[in-house]
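Structure assessment
In case you want the letters, here they are:
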Amino acid sequence: MPKATALMISLSLAISASARADEGAHWAYDGHGGPEHWAELSKDFSMCGLGRNQSPVNLAGAVPSSLAAIRFDYPLETSEIVNNGHTVQINIAPGSAIDADGHHYLLKQVHFHTPSENQIDGKSFAAEAHFVHADADGNLAVVAVLFDDGAASPGLAALDPAMPDRTGQHRPVQARNAIAALLPPSRDYFEYSGSLTTPPCSEGVRWLVMKQPMTISPVQREALARIMHGPNNRPVQPLNARLVLD
Ligand SMILES: [Zn+2]
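Residues numbered from 1 in each chain as written. Predicted model: local features only at pLDDT ≥ 70, side-chain atom pairs only at ≥ 80, totals over all residues. Heavy atoms only, no water.

With that settled, consider the coordination of the zinc ion. Metal coordination angles in their ideal form are 109.5 degrees for the four-donor tetrahedron and 90 or 180 degrees for the six-donor octahedron. Coordination of the zinc ion by the protein is provided by His111 (NE2), His113 (NE2) and His130 (ND1), with metal-donor distances spanning 2.0 to 2.1 Å. Coordination of the zinc ion draws on donor residues from a single chain, spaced H-x1-H-x16-H in sequence. Placement of the pair is His113 in strand β6 (residues 103-113) and His130 in strand β8 (residues 127-134), with a sequence separation of 17 residues. Residues His113 and His130 agree in their burial class; the two are buried. (Donors = N, O, S within 2.8 Å, 3.2 Å for Na, K, Ca; no water. Helix = DSSP H or I, 4+ residues; strand = E, 2+ residues; numbered from the N terminus. Buried < 20%, exposed > 50% of the residue type's maximum accessible area, 1.4 Å probe, protein only.)

Turning our eyes to something else, we now look at the environment of Arg171. One can find Arg171 in strand β10 (residues 170-172). Assessed through its relative accessible area of 28%, Arg171 is described here as partly exposed. Placed 34 residues apart in sequence, Arg171 and Asp137 show a C-alpha to C-alpha distance of 29 Å. Of note is the side chain of Arg171, whose polar atom sits 2.9 Å from the backbone oxygen of Met163. (Polar contact = N/O pair within 3.5 Å; in protein donor to acceptor, adjacent residues only side chain to side chain.)

What follows is about the state of the cysteines. The tally for this structure, following the rule as stated, stands at one disulfide. Between the sulfur of Cys48 and that of Cys201 lies a disulfide, 2.1 Å long from S to S. Between Cys48 and Cys201, the S-S torsion sits near 90°, and that sign places the bridge as right-handed. Taken together, the residues span a long stretch of sequence, with Cys48 in helix α3 (residues 47-50) and Cys201 in the loop between β11 (189-195) and β12 (203-210) at a distance of 153 residues. Under the relative-accessibility criterion, Cys48 is labelled buried at 10%. (Disulfide = S-S within 2.5 Å.)

Time to look at the environment of Thr167. Its place among the elements puts Thr167 in the loop between α4 (154-159) and β10. In this structure, the C-alpha to C-alpha distance between Thr167 and Ile216, residues 49 residues apart in sequence, is 23 Å. In terms of polar contacts, Thr167 uses its side chain to reach the side chain of His229, at 3.1 Å.

Note that every value here comes from positions in space, so none of it alone points to a role or purpose.
If you want it as structure tokens, here you go:
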């Protein structure tokens, strides 16, 4: 094997090994590392079992509450697209933000799940995109977009050439228009208080779930599921004492 090739292989192995180490205990969507075992995998994951405000949920029985419009300030300069073995994630360069109820959150990354994690009135969707934001104190707000089976998503079609097939793969990407095309024209939303849907399942996450679903073609859904080793959806969690706001 030529030296350069050997070096590249060992570098890529080192990168994927460090990506795994950063995630802590190995977790998955099925088998011994599956969602019902997440809390047992590490003491850092205890909220996955003990939490009372976990995500995703079935959004049902929403309480009318005239939520203020979310203000999107989304230049959407992207930096790279990453396959981390659990999802495909587009990292967003600093400068995109939302304002929700007078609270300012910076957009950090956008990633995908298939099928959807959240449900509406018991309906599961073909896919879901999560726009993950954080405020200056690290409080998180996730804008969720649901995708029904139907016409191809122009946003996903534009991302397709850059999609990283293998775990640990990073690629530079300019995907401003692609990311913008993932958002529905109507920005009406449901809101509830929840958690990360992956370990460590930390709570205090503001969930802003867009009511208008977008569409994804069966071919796109299958391609996403293949590269994300899907299905990659945590089952819905009990609402307990929480209200869903409409
Ligand atoms: Zn997610």
